[in-house]
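# Descriptive structure summary
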Amino acid sequence: MATIETKQGQAVDPQGLTKADFQKLDHSEKKGEVVVRESISAWKDAWLRLRSNKYAMASLIILLLIVIMALIGQSISGHDYRSQDYMATNEKPSSNHWFGTDDLGRDVFARTWMGAGISLQVGLYAALVDLVIGVIVGGIMGYFGGKVDEILNRICDILYSIPNMLIVILLIVVLEPSMFTIVLALSITGWISMAWIVRGQIMQLKNQEYVLASRSLGAGSGRILFRHLIPNAIGPIIVTLTMTVPNAIFSEAFLSFLGLGVQSPAASLGTMINDALKAMTVYPWRMLFPAVLISLTMLCFNIFGDGLRDALDPKMKK
Amino acid sequence: MIRYLLKKLFYMVVSLFVLASATFFLMKAIPGNPFMSEKEIPKAIRAMLEAKYGLDKPLWSQYLTYLNNLIHLDLGMSMKQQYTTVSSIIGTGFLYSLQLGIFAIILSVTAGVVLGIIAALNHRKFLDTFTIFLAVLGVSVPNFVVASALQYFLGVKLRWFDVAGLNDITDYVMPTIALAVLPAAFIARLTRSSMLEVLTADYIKTARAKGMSGRIILFRHALRNAILPVVTYIGPMTANIITGSVIVEQIFGIGGLGKFFVNSITNRDYTLIMGLTLFYAVILMLARFLTDIAYAFIDPRIKLNSRKEG
């Protein structure tokens, strides 16, 4: 049988406990009630879960790298994204032009990162507009309920049943494509799913005691909604936001395909791919880099979004 | 049930009306008109042209004529292709798009369900992880990248298939794959997660305890219930396939609806844009309607007349 160390340091048989082991502790040693471990907030808990998900973390790092490159990529290339060089069109990747050049002799490396920046901006702005409108409308629907909810819900139902891509295309045909109109058009129907998610969350939360407590202390509806309810619904909101970004990036690329994307000389990844496609059989490398980058960006957003959802709502995890 | 479907039908009509009006007024809001060109058209001819297309009348009367024509399924004439009605263009294009769409639906449902089952049966093993990875990849890689990669590697490099066109049956292979990747990935994820849920249900344990063979449990008991979420995906899948077809038809040079849609936008052929938009909208709404009906038939637990409570 194994031996254990007693307080005195002498090794004895576990059965043969001495009287010294049963001494009464004085009060200073009673630490049962003291919190030893640092308390973990819900956010920290989520962060710990997220951090242990290596795919999500890898995606986050790649996304950060893409953002950094989108910011500085143009300056390291040594070329301007607009400057044309008719002596060097459609060149293969070389030490001068790392990703080659396009049909007007513009540096593909500089343009790719510039395009990545534009695509990311479209995604971010669309997500932000969705966030603001969706949270306000969804909050109002969920909090007030009744007639207000009924009417807003009907409006959402009808707007949602109109195929959103068609509305987006129509609007951009009319408004002329630019970053602003693309984001505007994407947001026209984009906020609805966000509004429904917020509505559902608020309806669950609004009967909790802390809301009652706040109200009995005299807080108004606006304060309860924005200081208490929405901060508590932030998890699903963030997850929806993460999923909105790749969708918006894809939609912008799709619009580029119709010639309704960001206009030249600026470029998004979608417009670059569309331009490269016309000469793909001859100059496939022009297509390669933007195509890989857009796929990688969307992949990372999807994996990170999944990881975030698992981290914020572990019950959802399968 | 009937009441629920009637309500849905009513919403469909309202949305269609909203969309039709929106397209009409948006198209009218565009500055200029289709008869403005580089060459100055003589005033008299221009007036005649405007009278022919009813553009000389006030806006509200044009709107009423437009709605009236819509009710009679008359989408007007194409503005850029002379002597062709929008309906006849839709008629020719739809045939190709429909064929491709049906092939893509068959491929994506089969591939998606099979992959989903494989993943669920190998939960947390290599095949599961691998399938999830494939599915996330399928959702993430935009279909124009898939289409052009297929075209380049299988068409240009390996020369297995013709690069473009739709002349014989092998020409359908690449466009169908390109269209099916995204929905297949979605279906695989849906099937996997609902399979996992169903496989731990009590009635599966009962079936197993009764000594039924794995295959009967899988196909007769588990799959039947696991397939339900896939049915709800019919609506979004149609939307995905339509947006996909716009891209895929353009890349593979197929004269379907999608290609006409792109062309109508680049040519600013407004009547054609309006007609195609409405046609797509009708198809999408029908797909959603079908989903609702199918769901009610497959799952008797769902009472369609119960009100949605948040």
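Residues numbered from 1 in each chain as written. Chains lettered and ligands numbered in written order. Predicted model: local features only at pLDDT ≥ 70, side-chain atom pairs only at ≥ 80, totals over all residues. Heavy atoms only, no water.

This paragraph deals with the confidence of the model for chain B. A low pLDDT score tells you not to read the predicted coordinates there in detail. Residues and elements named next belong to chain B. In the predicted model, chain B carries a mean pLDDT of 83, and 93% of its residues have values of at least 70. Below a pLDDT of 50 lies the segment residues 304-310, which in the model reaches 10 contacts outside its immediate sequence neighbourhood of four places, other chains included. The complex prediction reports pTM at 0.81, with the ipTM value standing at 0.79. (pLDDT = per-residue confidence, 0-100. Contact = heavy atoms within 4.5 Å.)

Looking now at the UniProt feature "transmembrane region" (unreviewed entry) in chain B. Residue and element names in this part refer to chain B. The positions UniProt marks with the feature "transmembrane region" (unreviewed entry) are residues 9-30, 94-118, 130-152, 172-190, 226-252 and 272-298. Segment residues 9-30 splits into 95% helix and 0% strand. End C-alpha atoms: 32 Å apart. Overall, residues 272-298 shows 100% helix and 0% strand. The separation of its end C-alpha atoms is 38 Å. (UniProt positions renumbered as here; feature names shortened; annotations may be inferred. Helix = DSSP H or I, 4+ residues; strand = E, 2+ residues; numbered from the N terminus.)

Residue and element names in this part refer to chain B. Between the first and last C-alpha of helix α9 (residues 214-226) there are merely 16 Å, a value that for 13 residues lags more than 12% behind the 18 Å anticipated at 1.5 Å per step. When α9 is considered as a whole, its buried residues turn out to be Ile217, Leu218, Ala222, Leu223 and Ala226. When α9 is viewed along its axis, its buried side chains cluster within an angular range of 135° and face the same direction. Away from the buried face of α9 by more than 90 degrees, exposed residues Arg220 and Arg224 are located. Buried residues along α9 sit against α4 (86-121), α7 (173-199), α8 (202-209) and α10 (228-232). (Expected span 1.5 Å × (residues − 1). Buried < 20%, exposed > 50% of the residue type's maximum accessible area, 1.4 Å probe, protein only. Arc of directions from axis to C-beta.)

Summed over all chains, the structure comprises 16 aromatic pairs over all chains. A network of ring pairs unites the aromatic residues B:Phe24, B:Phe25, B:Tyr63 and B:Tyr66 as a single cluster. (Phe/Tyr/Trp six-rings, centres within 6.5 Å; stacked < 30°, edge-to-face > 60°.)

The interface is formed by 41 residues belonging to chain A together with 51 residues belonging to chain B. Between chain A and chain B we count 1 salt bridge in total. A salt bridge links B:Arg189 to A:Asp306, with the shortest nitrogen-to-oxygen separation between them at 2.5 Å. Viewed at the interface, chain B and chain A are joined by 3 residue pairs in polar contact (both at pLDDT 80 or more). (Salt bridge = Lys/Arg side-chain N within 4 Å of Asp/Glu carboxyl O. Polar contact = N/O pair within 3.5 Å; in protein donor to acceptor, adjacent residues only side chain to side chain.)

All names here are of chain B. Counting through the fold element by element, serine 97 comes out in helix α4. Within the structure, the side chain of serine 97 is placed 2.7 Å from the side chain of glutamate 249, a separation counted as a polar contact. What serine 97 contacts, discounting residues up to four positions off in sequence, is Glu249, Gly256, Leu257 and Gly258.

All names here are of chain B. In contact at an axis separation of 6 Å, α4 and α7 are set at 35° when each is read in the N-to-C sense. Like other packed secondary-structure pairs, α4 and α7 cross with a definite hand, here right-handed. Here the contact of α4 with α7 is built from residues that sort into 23 nonpolar, 5 polar and 1 charged. (Axes fitted to C-alpha atoms, helices over the stretch in contact; angles between N-to-C directions. Left-handed = near helix turned anticlockwise from the far one by under 90°. Nonpolar A, V, L, I, M, F, W, Y, C, P; charged D, E, K, R; others polar.)

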